[in-house]
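Spelled out from the first residue to the last, the chains are:
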Amino acid sequence: MNMVQYDAPAIEKKWQARWAMANSFAASSDRTKPKYYVLEMFPYPSGRIHMGHVRNYTLGDVVARFRRAKGFNVLHPMGWDAFGLPAENAAIERGAHPGSWTRDNIASMRSQLKSMGLAYDWDREFATCDPNYYQHEQLMFLKFFEKGLAYRKESWVNWDPEENTVLANEQVVDGRGWRSGAIVERRRLSQWFLKITKYADELLAAIETLERWPDRVRLMQHNWIGKSEGARVKFRLSSDTVPIDAIEVFTTRPDTLFGASFIAVAANHPLALFLGESNRDAADFLVECARLGTSQALVETAEKRGFDTGLSAEHPLLAGRKLPIHIANFVLMEYGTGAIFGCPAHDQRDLDFARAYNLPVTPVVLPPDVNQNEFKIIQEAYTGPGKLINSGDWDGLDLEAGKQAAINALEAVGAGSAETTFRLRDWGVSRQRYWGCPIPIIYCDNCGAVPVPVKDLPVTLPEDVDFSKPGNPLANHPSWKNTSCPSCGNAAIREQDTFDTFFESSWYFLRYADPKSALGFSKEAAAYWLPVDQYIGGVEHAVLHLLYSRFFTRALSEVGYLDLGEPFAGLMTQGMVCHQTYQDRNGKWLFPTEVTRNGNDWRHCKTGETVKAGRIEKMSKSKRNVVDPEIIIESYGADTARLFMLSDSPPERDMEWTEAGVEGASRFLKRVYRMANDNTLPTIGTPPPTDGEGMELVRTTHKAIYGMSQDIEGFRLNRAVAQLHTLANAIANTKGESPSIAAARRFAVETLVQLIAPLTPHIAEELWETLGHQTMLADSTWPTANERLIADNIIEIGVQVNGKLRDTILLARDCTKQEAEGAALASPTIIRYLEDRVPKRVIVVPNRIINVVV
RNA sequence: GCGGCCGUGGCGGAAUUGGUAGACGCGCAGCGUUGAGGUCGCUGUGGGCUAACCCCCGUGGAAGUUCGAGUCUUCUCGGCCGCACCA
């Protein structure tokens, strides 16, 4: 046996250089080959890769290398989602310029990624903060604007009065700005929107066609779009002391109209705002609601609170019935019409509200098999099916018929009609930030909002910006915003907002198809490469990024860029990488590198103090339960890190990073390394045996090829790793020196090296060379399983008596049911179990199981 | 609140989708190799009863459907995730 040591760092550097020299992973321009587009969600260049990246890109790399070996023309690119808030925070906190900070980060992350040995076509790399990238989206925006897909309207934002800036929901903590601590206000700002709601129905319907997406993501998108069918109902105000004569309400339950006992409007409903101007108490209540924030989860779990306006509205179908109008904290202006009618008997929120404010509760739906006299609503609203009661002519109708009757009745009196609403709202793309793509619009006192002429694109960001003053640096810049109106020539000012960074990520997958194109991308390249065959990323993007991208491909198609509906044919959402947490006795979080373990005793490496080992949680800087991929790669090698990432848990599930697991992966690679360095193996070119003692190993090898291929295609990569272990065990367990066995061992080892290549490419490439090959494994084709050799001729079958396993017998594969039954009943063990009883039935599932029923 | 996911050995997880539960790995134990430790190799490892076999129990809990349930149905307990400006 050759005693060569597995030197991962040396091997990895060697093959990374060779692949780069040969440009091994460049996508070919040959359009006759079948294509395969593998894409991982591109990273924000935070400066260092973390284990989540390692997992994401390893998964993508396995797919890319596997497809390449299967003969596809693979596109597997990488780039940088380079605009965003952290760069501005760095500028504020450390005085770094966002541009140079970002470029430095990209440089260090690129070299970290390269050390992982990922099969990227690096020639297609780009960063979205480069004007060469964002100029194209400025043109896209102008085309959207031309077509009415982009428009301006006022909307509400979280405003930090101290920093003079708009805050993201996550930057609002307990109603205060995260950095300033100032109480956040809600403000109306004029902002740009993209008309995603135009495609609401289509985006919803097409979810059905996304067969290779996880169900949960499809469901989340379905719920996000939130289509509701119901009716719009107009309630006329009883008095004319306010300049509003009716409140329009959207309801999914027009059938419960006779159970209405109040009207509630959102705190930012026009009526509420009007009252807030003249009524001190109302104003106070509105301020209180504003403090609650905009998140639906908060709104719906908060205590139901309201303000009685003293006004009332007429029931549209019941002459003389007056409904009091309240302002309520649980009504959202953003959904429906910003006003509801409350039917406490059949909606829990309405009931909670009615109990708190002493409003009547009239049941109008009687559950099946319940006596009307006994039916009482106490603390729980009834939302199930039933027949209408207390509803005049509609009594006795089921709910569907009741809805139709209600709509007919409303239409007859001109008080309403059927309506469908969506939860989905248009996408606000304006951000009051510096580090984003400038919105190419000029405001002129005479001409209004005028597009920047195409010849003047791109509108680039000024470099000399000052982050020491609060507010948007673009707005604070002394001269950048001053320009002249393209249409009348008068002095005018530029739009100072930039795009939401989801704008960049909504079309980057198209840019990769043709990254040097002067058009952004050519129609021809997009037609060949798109859709993405396999997209991989975190489930945190399940809704927004993916939905915006789906919208973008449609919108870009509408304005002539391409002809595509769905951008991502296959989607895999990977789980998080977790690690145990540690705290010292003061509760301070400790890094795993600061802790040593001895059985169940955890101690601080330096002080020797006892450490509390806590829950296994997602790796996060705040809890310090992070492991730096760079250190793992330096000490064990990228192949070990990659292998462990794939080994233990299914890709879609959360995994736990453990030292023991890394050791295990490393051990396996060393074992494979030794197997291939066995100098007793026959020379290259020795064919696998066709008979003799070696056949069992040959068959096992074919089973491994088959299983591995199936498992990679099905993304069962933890099982794929298990296949490799099984094959390695079989090689180790095959003893003997006969020519048949030696030839089989050579075949098995060589195949093992091929099969492991998508997972741990460096060691595979090295061993391929060790085994005598002159060409690179990266250029060789995937082995094919001989199906004839996979199926065993004799199989072991379980025999049950009354469903309990009692014996196993050996049977010829695909034998007849009669033969199987005969063999089972002839088994001495089964005879003993049957005693003298006569089998009533014998169920034979061919090649699976036999069940004797007595 | 609304919607969803997950509960299988000491641990991560397999189970051809209703057909022999626990593949593969980690851990642990024993033996061998080694100057010792580690590496490496072999063997064992769900629980109970056993000298061993046999047998009994076993997929969070309870019921149901079925010849047969980890898998399907209903209820229940526990853990986790998402809900519109972080990326």
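If you're wondering where the values come from, they're calculated on a predicted model, not measured in any experiment.

K.L.:
I'm lost on the overall build of chain A in this one. Help?
P.N.:
Along chain A, the regular secondary structure elements total 27 helices and 35 strands. In terms of its C-alpha atoms, chain A occupies a principal-axis envelope of roughly 105 × 85 × 65 Å. Within chain A, the fraction of its 854 residues that count as buried is 53%. For chain A, the share of sequence-separated contacts (at least 6 apart) that also reach a separation of at least 24 residues comes to 71%.

K.L.:
What's the story with the side chain of Glu 88 in this structure? I'm lost.
P.N.:
Mapped onto the elements of the fold, Glu 88 is located in helix 3 (residues 85-94). Buried and unpaired, Glu 88 has no salt bridge, with Arg 433 as the nearest side chain of opposite charge at 5.1 Å. Those residues in contact with Glu 88 that lie beyond four places of it in its chain are Arg 433, Tyr 434, Trp 435, Phe 467 and Pro 473.

K.L.:
Which parts of the structure should I look at to understand the packing of helix 1 (residues 8-22) against helix 24 (residues 761-770)?
P.N.:
Between two packed helices, both the angle of their axes relative to each other and the distance between the axes serve to describe the pair. In the contact formed by helix 1 and helix 24, the axes pass within 9 Å of each other and the chain directions differ by 85 degrees. The pairing of helix 1 with helix 24 is recorded here as roughly perpendicular in orientation. Where helix 1 abuts helix 24, its residues Ile 11, Glu 12, Lys 14, Trp 15, Gln 16, Arg 18 and Trp 19 lie against Pro 761, His 762, Ile 763, Glu 765, Glu 766 and Glu 769. When grouped by side-chain class, the residues that make up the contact of helix 1 with helix 24 number five nonpolar, two polar and six charged.

K.L.:
Honestly, the confidence of the model for chain A in this entry has me stumped. Any pointers?
P.N.:
Segments scoring low in pLDDT should not have their predicted coordinates read at a detailed level. Residues of chain A with pLDDT of at least 70 account for 97%, and the chain-wide mean is 89. Looking across chain A, the model is least confident in helix 10 (residues 296-301), with a mean pLDDT of 60, and most confident in strand 2 (residues 73-75), with 97.

K.L.:
Would you mind showing me how to read unusual backbone geometry here?
P.N.:
With the exception of glycine, the majority of residues adopt a negative phi angle, and the majority of peptide bonds are in the trans configuration. Cis geometry marks the peptide bond from Leu 457 to Pro 458, where omega comes out at -5 degrees. Looking at where Pro 458 falls in the secondary structure, it is placed in the loop between strand 20 (448-451) and helix 13 (473-476). Along the chain, Leu 530 connects to Pro 531 via a cis peptide bond; the corresponding omega equals 0 degrees. Locating Pro 531 in the fold gives a position in the loop between helix 16 (523-529) and strand 24 (534-538).

K.L.:
Sorry if this is basic, but what is going on with the nonpolar core here?
P.N.:
Grouped burial of nonpolar side chains is what soluble globular proteins tend to show. Among the nonpolar cores identified, the biggest contains 177 residues, and Phe 141, Leu 194, Tyr 508, Phe 552, Leu 556 and Trp 657 are the most heavily contacted of them. Every residue in contact with Leu 556, bar those within four places of it in the chain, is listed here: Met 140, Phe 144, Trp 507, Leu 510, Phe 521, Tyr 561 and Leu 562. Counting 47 residues, the second-largest nonpolar core is a separate cluster that includes Ile 263, Leu 271, Leu 275 and Leu 366.

K.L.:
What exactly am I supposed to notice about the environment of Ala 491 here?
P.N.:
Within the secondary structure, Ala 491 sits in strand 22 (residues 491-494). Remark: the alpha-carbon pair of Ala 491 and Val 627, spanning 136 residues in sequence, is separated by 55 Å. Sequence-distant contacts of Ala 491, that is, excluding residues within four places in its chain, are made with Thr 483 and Ser 484.

K.L.:
Sorry if this is basic, but what is going on with helix 8 (residues 270-278) here?
P.N.:
Turn by turn, an α-helix covers 3.6 residues, leaving residues three or four places apart pointing in a common direction. Inspection of helix 8 places Leu 271, Ala 272, Leu 275 and Gly 276 among the buried residues, and these make up the whole buried set. The arc that holds every buried residue of helix 8, seen down its axis, measures 135 degrees, which confines them to one face. Those residues of helix 8 that are exposed and angled more than 90 degrees off the buried face are Glu 277 and Ser 278.

K.L.:
Where do I start with the pairing of strand 29 (residues 601-604) in this structure?
P.N.:
It is a general feature of regular strands that their side chains alternate between the two faces of the sheet. Judged by which residues are buried, strand 29 turns out to be one-sided: Trp 602 and His 604 face inward and are buried, whereas Asp 601 and Arg 603, on the alternate face, are not. Bridge analysis of strand 28 (residues 595-598) against strand 29 gives four bridges, and the strand direction is antiparallel. Its bridge partner lying in strand 29, Asn 598 is registered against Asp 601.

K.L.:
For this particular structure, what's the right way to read the sheet that holds strand 33 (residues 804-812)?
P.N.:
By definition, the strands of a sheet pair up through backbone hydrogen bonds, in either a parallel or an antiparallel sense. Read from one edge to the other, the open sheet built from four strands follows the order 33-32-35-34, with strand pairing classed as mixed. Every interior strand has two partners, whereas the edge strands, strand 33 and strand 34 (841-845), have only one. The sheet shows a mean angle of 20 degrees between the axes of neighbouring strands, direction not considered. Across five bridges, strand 34 lies against strand 35 (residues 849-853) in antiparallel orientation. Residue pairing for strand 35: Arg 841 is matched across the bridge by Val 853.

K.L.:
I'm lost on the packing of helix 3 against helix 4 (residues 98-114) in this one. Help?
P.N.:
Look at helix 3 against helix 4: their axes get within 9 Å of each other, and the N-to-C directions meet at 115 degrees. Taken as a pair, helix 3 and helix 4 cross one another with a handedness that is right-handed. Where helix 3 approaches helix 4, its residues Pro 86, Ala 87, Ala 90, Ala 91 and Arg 94 are matched on the opposing element by Pro 98, Trp 101 and Thr 102. Its residues assigned to classes, the contact of helix 3 with helix 4 shows six nonpolar, one polar and one charged.

K.L.:
Help me out: how do you make sense of the sheet that holds strand 24 in this one?
P.N.:
Strands sit in the order 2-1-24-25 across an open sheet of four strands; the sheet is parallel. The open sheet has two edge strands, strand 2 and strand 25 (571-574), and neither has a second partner. Looking at each pair of strands side by side, their axes are set apart by 15 degrees on average, direction ignored. Alignment of strand 1 (residues 35-40) against strand 2, held across three bridges, turns out to be parallel. Counterpart to Tyr 36 in the pairing with strand 2 is Val 74.

K.L.:
Please clarify how the pattern of salt bridges should be interpreted in this entry.
P.N.:
Once the charged atoms of two side chains with opposite charge are near each other, the side chains can pair. As enumerated under the stated definition, the model contains 33 salt bridges in all. A salt bridge links Lys 14 to Glu 766, with the shortest nitrogen-to-oxygen separation between them at 2.9 Å. Placement of the pair is Lys 14 in helix 1 and Glu 766 in helix 24, with a sequence separation of 752 residues. Take Lys 14: its relative accessible area is 26%, and that puts it in the partly exposed class. Classification of Glu 766 as buried rests on a relative accessible area of 12%. Across the pair Asp 533 and Lys 35 runs a salt bridge, and its minimum N-O distance is 2.7 Å. Of this pair, Asp 533 sits in the loop between helix 16 and strand 24 while Lys 35 sits in strand 1; the two residues are 498 residues apart in sequence, bridging distant segments of the chain. Here the two residues Asp 533 and Lys 35 agree in accessibility, since each one is buried. Overlapping salt bridges bring together Lys 14, Arg 18, Glu 766 and Glu 769 as one network.

K.L.:
What exactly am I supposed to notice about the side chain of Ser 827 here?
P.N.:
Position of Ser 827 relative to the elements: it lies in the loop between helix 26 (817-826) and helix 27 (828-834). Assessed through its relative accessible area of 4%, Ser 827 is described here as buried. When sequence neighbours within four positions are dropped, the list of residues in contact with Ser 827 reads Asp 807 and Ile 809.

K.L.:
Sorry, what's going on with the environment of Met 78 here?
P.N.:
The topology assignment puts Met 78 in the loop between strand 2 and helix 3. Since its relative accessible area comes to 1%, Met 78 is described here as buried. It is 9.2 Å that separates the C-alpha atoms of Met 78 and Asp 123, two residues lying 45 residues apart in sequence. When residues no more than four places from it in sequence are discounted, the contact partners of Met 78 are Glu 40, Pro 43, Tyr 57, Leu 113, Tyr 120, Trp 122, Arg 124, Glu 125, Phe 126 and Tyr 512.

K.L.:
What is the right way to read the packing of aromatic side chains from this model?
P.N.:
Each aromatic ring pair is characterised by the separation of its centres together with the angle its planes make. Following the criterion strictly, the structure yields 42 aromatic pairs and no others. Between the aromatic rings of Phe 141 and Trp 192, the centroid separation amounts to 5.3 Å while the plane-to-plane angle is 85 degrees, which identifies the pairing as edge-to-face. In this pair, Phe 141 is assigned in helix 5 (residues 131-146) and Trp 192 in strand 7 (residues 185-194), connecting sequence segments 51 residues apart. Of the two residues, Phe 141 and Trp 192, neither departs from the other in class, the shared state being buried. The interplanar angle of 65 degrees and the centroid separation of 4.8 Å between the aromatic rings of Phe 509 and Phe 568 together place this pair among those described as edge-to-face. Taken together, the positions of Phe 509 in helix 15 (residues 508-511) and Phe 568 in the loop between helix 17 (544-558) and strand 25 put the pair 59 residues apart, joining distant regions of the chain. Comparing Phe 509 with Phe 568, the two get one shared label, buried. Directly above the ring of Trp 19 sits Arg 65, whose terminal nitrogen or CZ lies 4.5 Å from the centroid.

Analysis parameters
Residues numbered from 1 in each chain as written. Chains lettered and ligands numbered in written order. Predicted model: local features only at pLDDT ≥ 70, side-chain atom pairs only at ≥ 80, totals over all residues. Heavy atoms only, no water. Helix = DSSP H or I, 4+ residues; strand = E, 2+ residues; numbered from the N terminus. Buried < 20%, exposed > 50% of the residue type's maximum accessible area, 1.4 Å probe, protein only. Contact = heavy atoms within 4.5 Å. Lys, Arg positive; Asp, Glu negative; His and termini not counted. Salt bridge = Lys/Arg side-chain N within 4 Å of Asp/Glu carboxyl O. Axes fitted to C-alpha atoms, helices over the stretch in contact; angles between N-to-C directions. Parallel < 35°, antiparallel > 145°, perpendicular 65-115°, else oblique. Nonpolar A, V, L, I, M, F, W, Y, C, P; charged D, E, K, R; others polar. pLDDT = per-residue confidence, 0-100. Core = buried A, V, L, I, M, F, W, Y, C linked by side-chain atoms within 4.5 Å. Arc of directions from axis to C-beta. Pairing = 2+ DSSP bridges. Left-handed = near helix turned anticlockwise from the far one by under 90°. Phe/Tyr/Trp six-rings, centres within 6.5 Å; stacked < 30°, edge-to-face > 60°. Lys NZ or Arg CZ within 6 Å of the ring centre and 35° of its normal.

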